[in-house]
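Read off the chains here:
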Number of protein chains: 2
Amino acid sequence: MNTAAAIATASKAAAPHIAKAKTAAKNTALLALAAELRAQANAIVAANGKDMAAAAKLPTALKDRLLLDENRIQAMLTGIETITALPDPIGEINNMRMMPSGIRVGQIRVPLGVIFAIYESRPNVTADIAALAIKSGNAVILRGGKEANHSNIAIGTCVQAALKHAGLPPDTVHVVSDTARSLVDKLLVSDGIDLVIPRGGRGLIETVTQKARMPVLKHLEGNCHVYVDSQANMTQACDIVINAKTRRYGVCAAAESLLVHKSAAATFLPEISTELLERGVELRGCDTTQKIIGSDKCQTASEDDWRTEYLAPIISIKVVPSLAAAITHINQFGSGHTDTIVTDSVGAWQQFMREVDSSSVMLNASTAFADGGEYGLGAEVGISTDKFHARGPVGLRGLTCEKYIIIGDGSVRA
Amino acid sequence: MNTAAAIATASKAAAPHIAKAKTAAKNTALLALAAELRAQANAIVAANGKDMAAAAKLPTALKDRLLLDENRIQAMLTGIETITALPDPIGEINNMRMMPSGIRVGQIRVPLGVIFAIYESRPNVTADIAALAIKSGNAVILRGGKEANHSNIAIGTCVQAALKHAGLPPDTVHVVSDTARSLVDKLLVSDGIDLVIPRGGRGLIETVTQKARMPVLKHLEGNCHVYVDSQANMTQACDIVINAKTRRYGVCAAAESLLVHKSAAATFLPEISTELLERGVELRGCDTTQKIIGSDKCQTASEDDWRTEYLAPIISIKVVPSLAAAITHINQFGSGHTDTIVTDSVGAWQQFMREVDSSSVMLNASTAFADGGEYGLGAEVGISTDKFHARGPVGLRGLTCEKYIIIGDGSVRA
């Protein structure tokens, strides 16, 4: 099954079956998937070894994304088990109310249909999205990064076995093994796909948005900011910056830019710059930053730096005259992903929360928390930077919609 | 302000102001709008008279859509007053929960930003969408049908006066007075517009989907079905078909197609066909239908008929062998808008509700109820036939989204 038309047709045929599958059958498939991944852990690590060998010359952050080891496989299993334990969103009926006309109006939650996910190098995403799709009653076509292809195929084999074990159509989840770009292009104009979810940089998002005939739920890169307010607790600010920047460089929730209120700059910048430099993080600052910490320790930031998701041990630093200036900077240069304010001021938090136009706005917390698991969603398809349908980490509900149900008694409209 | 760039820029500049406007200011603007429309009723009816005169040769259904009289202006006022009384959705915080890591995670409802609505001839839509945009904190660009341009401009003047009265930026609502298609094309690729909502037929939807650079919330035509099941109460079925078809021909919620279970056909079809013919409705049926009611009373339906939204006193009729066949027909030929089943069988309803892939699925109720007002939304932007973001009648909430808020205490991720 290699052509786009064949893949789309098979997925569309599977969709009504998974849509009406009972919760028990879906959970059986998920538990079978966890068991299969555990049983095949060695084979998966071996397949990942091939990908890692081919990736030897790639940047460290990319290799970190690509790697699967026992710990990360265990994390996949935990994610799947968490999803299994979540209530099934499909079929839930909400807001059923009696209207003055005598009809009852409510909404029922249903799957979207067929979802096409395009993502980058992290192979655990294959298992996460497969599990979320099964639980939410959707068919899914998974197209991971070509550098992770061996790993993805190995995981896909486990998913197929699990679906068969549960008596569900194996075509519910299709891992695209042919990583030619032309196949993606054809899938983007295929009938029968209800939604495409691209995860990646601006290039991918723009290409997909331009080519896709179906709706697009964009998962753009994370150019995340930490803003240290004049009313910040400096110890908290330091902990948060270090965690947000250095916990893991290759993830979209990593902080890429630090904004500091001018009244906090003279005390905070020397301290944080020492901590960051000790951890091998390169600093790129505005003029004021360079004056405070020395241009020997801090390169000059260009406007490009304000826009850049480094995914590397680099951080841009800017001193801002006010909270309003910080918000303006974030809304201009950020990617609408996740931004945090460190402050003890209720007023500053209220303004930041209201005015920063990002999928997650945080108070006194590290941007590293931006993650479906941390938000209680079990796992995530990714982090939507769109304002429509689903914003922020996308879990089960993001893969569903609500349709209206109306119950009458031979009711006619006056 | 006539160029697309000027309109988009002005709307984008107004958006942050209306986004953070207090509920009281927004309600003041809405009540001022209602008062202004009442005060200017004669002027609006006169402007509408110019549109009606120019539309003299257009089809009756279109003229019915276009007409504004005292009653319809009163209905606009009632809609605006209902919207004023609704709770303000902006700023509501939901699902705030403590996570195992110690962070609190919840969601806050915020406006979308700048919305571009493209719709057809009904001028009351201008007032409805303006009111919904103001209450939901969005800026909106309104481009109605060119045949309603005098009416829309007159209503737009009232909106401007109301916004000024409330101290809100007049650019919050921009009624496009230049109805050249080229202006629409330029707006569809303008920066600063967050969403386009096209309401209309397949041609409009396809053009907009193809050209728009921003997300599209599709409001496709309503090819609505009434399915009369074998277990239907025949009196209810008759009432519902008559109401759904003849209450108002020119609206998207009107039924265009009647499906009848074979075991009900011999008794139901002669009765309903007499009632429909008496009301001047033309019948187009399948072979079985023609055999039962006579080919002198019923023309032959082509496959095109199954796809057609007539918006006229015409109905297509098909006898189906089973509920499953009815559902397959609806999902193949319908527009995903609104479909109803008449039955006393719980099992049939459950299957219809689950499997019919439309924005509203109804039981023993007329499709004519598909309307934001009837669903308790106050008024509607229109009826979304998309599965994403908002499905079915779009009211205040459909013009908002939720972003995540995270509250920590110097929290860092392990």
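In the annotation of an unreviewed UniProt entry, chain A is listed under the name Gamma-glutamyl phosphate reductase and assigned to Candidatus Doriopsillibacter californiensis. The Pathway (unreviewed entry) field of the UniProt record for chain A holds the comment "Amino-acid biosynthesis; L-proline biosynthesis; L-glutamate 5-semialdehyde from L-glutamate: step 2/2." Under Subcellular location (unreviewed entry), UniProt gives the following word-for-word description of chain A: "Cytoplasm".

A. Quick look at the packing of helix α2 (residues 23-39) of chain B against helix α5 (residues 70-85) of chain B. Residue and element names in this part refer to chain B. At a minimum axis separation of 9 Å, α2 and α5 run at an interaxial angle of 170 degrees. By the angle class used here, α2 and α5 are roughly antiparallel. Contact residues: N27, L30, L31, L33, A34, L37 and R38 in α2; I73, M76, L77, I80, E81, I83 and T84 in α5.

B. Local environment of the packing of aromatic side chains. Under the criterion given, the structure shown has two aromatic pairs over all chains. Their ring planes at 45 degrees and their centres at 4.8 Å tell us that Y375 of chain A and Y404 of chain B sit as a pair that is tilted. Pair noted here: Y375 of chain A is in the loop between β14 (360-365) and β15 (382-384) and Y404 of chain B is in strand β17 (residues 400-411), and the two residues belong to different chains. A residue is classified by how much of its surface remains accessible, and Y375 of chain A, at 0% relative accessible area, is buried. Exposure remark for Y404 of chain B: the relative accessible area of 7% places this residue in the buried category. Positioned over the ring face of W306 of chain A is K318 of chain A, at 5.5 Å from the centre of the ring.

C. Representation of the relation of the copies chain A and chain B. The two copies are related by a screw motion: chain A maps onto chain B through a turn of 180 degrees and a shift of 0.0 Å along the axis, at an RMSD of 0.0 Å. Here the symmetry operator amounts to a two-fold rotation axis. Measuring from the rotation axis to each C-alpha of chain A, the shortest distance belongs to H389 of chain A, at 1.7 Å. In this assembly the copies share their binding face: 98% of the residues contributing to the interface of chain A also contribute to that of chain B.

Procedures and definitions
Residues numbered from 1 in each chain as written. Chains lettered and ligands numbered in written order. Predicted model: local features only at pLDDT ≥ 70, side-chain atom pairs only at ≥ 80, totals over all residues. Heavy atoms only, no water. UniProt positions renumbered as here; feature names shortened; annotations may be inferred. Axes fitted to C-alpha atoms, helices over the stretch in contact; angles between N-to-C directions. Helix = DSSP H or I, 4+ residues; strand = E, 2+ residues; numbered from the N terminus. Parallel < 35°, antiparallel > 145°, perpendicular 65-115°, else oblique. Contact = heavy atoms within 4.5 Å. Phe/Tyr/Trp six-rings, centres within 6.5 Å; stacked < 30°, edge-to-face > 60°. Buried < 20%, exposed > 50% of the residue type's maximum accessible area, 1.4 Å probe, protein only. Lys NZ or Arg CZ within 6 Å of the ring centre and 35° of its normal. Least-squares fit on C-alpha atoms with pLDDT ≥ 70 in both.

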